[in-house]
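Architecture and fold: a report
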Amino acid sequence: MSLTREHLSLEIIEAGRFLYGRGWSPATSSNYSTRLSATQALLTVSGKHKGQLGPDDVLATDLSGNSLEPGKKPSAETLLHTQLYSWRPEIGAVLHTHSVNATVLSRLTPGDSIEFEDYELQKAFSGVSTHESKVLVPIFDNDQDIARLAAKVQPWLEAHPDCVGYLIRGHGLYTWGARMSDALRQIEAFEFLFECELKTRAVLNR
């Protein structure tokens, strides 16, 4: 059964309160979305405080990232959301956060990816059923040209259909799921792993 726009808007609003409360979406940073239909998405509007979202702070776009509501401006990063909906029809929600751990870890990691292995919490990711696995998270350099950034992300997605999220260096995390609850679960799992990785590196570098 498809969810109504009102329900999907409420999911975005509640996600914003939760993520802001955890310190993962400070001030007006971050953006969230849900799939509205096969050809449309519902996204947070640009420049809104994510802990204080209301029903008017979301808008519908097509999958090319164009606003379908006159007077409402979508996030500059809308294309990074809509490309995921175009890539996998089962994706129903996308979350982009700006946590300290994600930002710092992406800056400290010199290569173009980070790999997590043998953490029990890896099983929180969709498609992962054992800690005896590897979760590879690509890191893309930040770019104000979102279309150009999306063009770099797409080949990775096509080559890694099991990808559960990616980092933008010095910027934040993107992850997704079939439902908002799935995307939120993955945010929590990523944040746990990011913190473990940072603490491990701190101990090893003493």
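Structure: see above.
Quick caveat, the model's predicted, so the values are computed rather than measured. (Residues numbered from 1 in each chain as written. Predicted model: local features only at pLDDT ≥ 70, side-chain atom pairs only at ≥ 80, totals over all residues. Heavy atoms only, no water.)

Topic: the overall build of the protein chain
Regarding its fold elements, the protein chain presents five helices and eight strands. Secondary structure elements in the protein chain, listed N-terminal to C-terminal, are α-β-β-β-α-β-α-β-β-α-β-β-α. Considered along the principal axes of its C-alpha atoms, the protein chain spans approximately 55 × 30 × 30 Å. Out of the 206 residues belonging to the protein chain, those deemed buried represent 51%. Long-range contacts, defined here as pairs at least 24 residues apart, represent 59% of the contacts in the protein chain between residues at least 6 apart. Of the roughly 9,900 Å² of accessible surface on the protein chain, 53% is carried by carbon and sulfur atoms. Here the protein chain contributes 20 positively and 25 negatively charged side chains, and the mean placements of these two sets differ by 4 Å. (Helix = DSSP H or I, 4+ residues; strand = E, 2+ residues; numbered from the N terminus. Buried < 20%, exposed > 50% of the residue type's maximum accessible area, 1.4 Å probe, protein only. Contact = heavy atoms within 4.5 Å. Areas by Shrake-Rupley, 256 points an atom, 1.4 Å probe, with all protein chains shown as cover. Lys, Arg positive; Asp, Glu negative; His and termini not counted. Charge placed at Lys NZ, Arg CZ, Asp CG, Glu CD.)

Thoughts on the pairing of strand β3 (residues 58-62)
Taking burial as the measure, the five residues of β3 include four buried ones, the bulk of the element. Bridge count for strand β2 (residues 40-44) against β3 is five bridges, and the pairing is antiparallel. Of the residues in β3, the one forming a bridge with Leu43 is Leu59. (Pairing = 2+ DSSP bridges.)

What about the nonpolar core?
Counting residues in each nonpolar core, the largest one holds 37 residues, and the members touching the most others are Leu95, Phe116, Phe125, Leu167 and Phe194. Put simply, the parts of the chain that give this core at least two residues each are α1 (5-21), β3, β4 (93-97), α3 (100-108), β5 (113-117), β6 (134-140) and α5 (180-204). Per-element tally for this core: the top contributor is α5, with 10 residues. With sequence-adjacent residues up to four places away left out, Leu167 is seen in contact with Ala102, Ser106, Ile114, Val137, Pro138, Ile139, Phe140, Gly172, Leu173 and Phe194. By size, the runner-up hydrophobic cluster in this structure holds 22 residues, among which are Ala41, Leu84, Leu149 and Cys163. (Core = buried A, V, L, I, M, F, W, Y, C linked by side-chain atoms within 4.5 Å.)

As for the pairing of strand β7 (residues 165-168)
In β7, alternate side chains face the same way, and those of Gly165 and Leu167 on one face and Tyr166 and Ile168 on the other are all buried. Here two bridges tie β6 to β7, and the two strands are oriented parallel to one another. Each bridged residue has a counterpart across the sheet, and for Phe140 the counterpart in β7 is Ile168. Across four bridges, the pairing between β7 and strand β8 (residues 172-177) is antiparallel.

Geometric descriptors of this kind do not, in isolation, establish any biological role.
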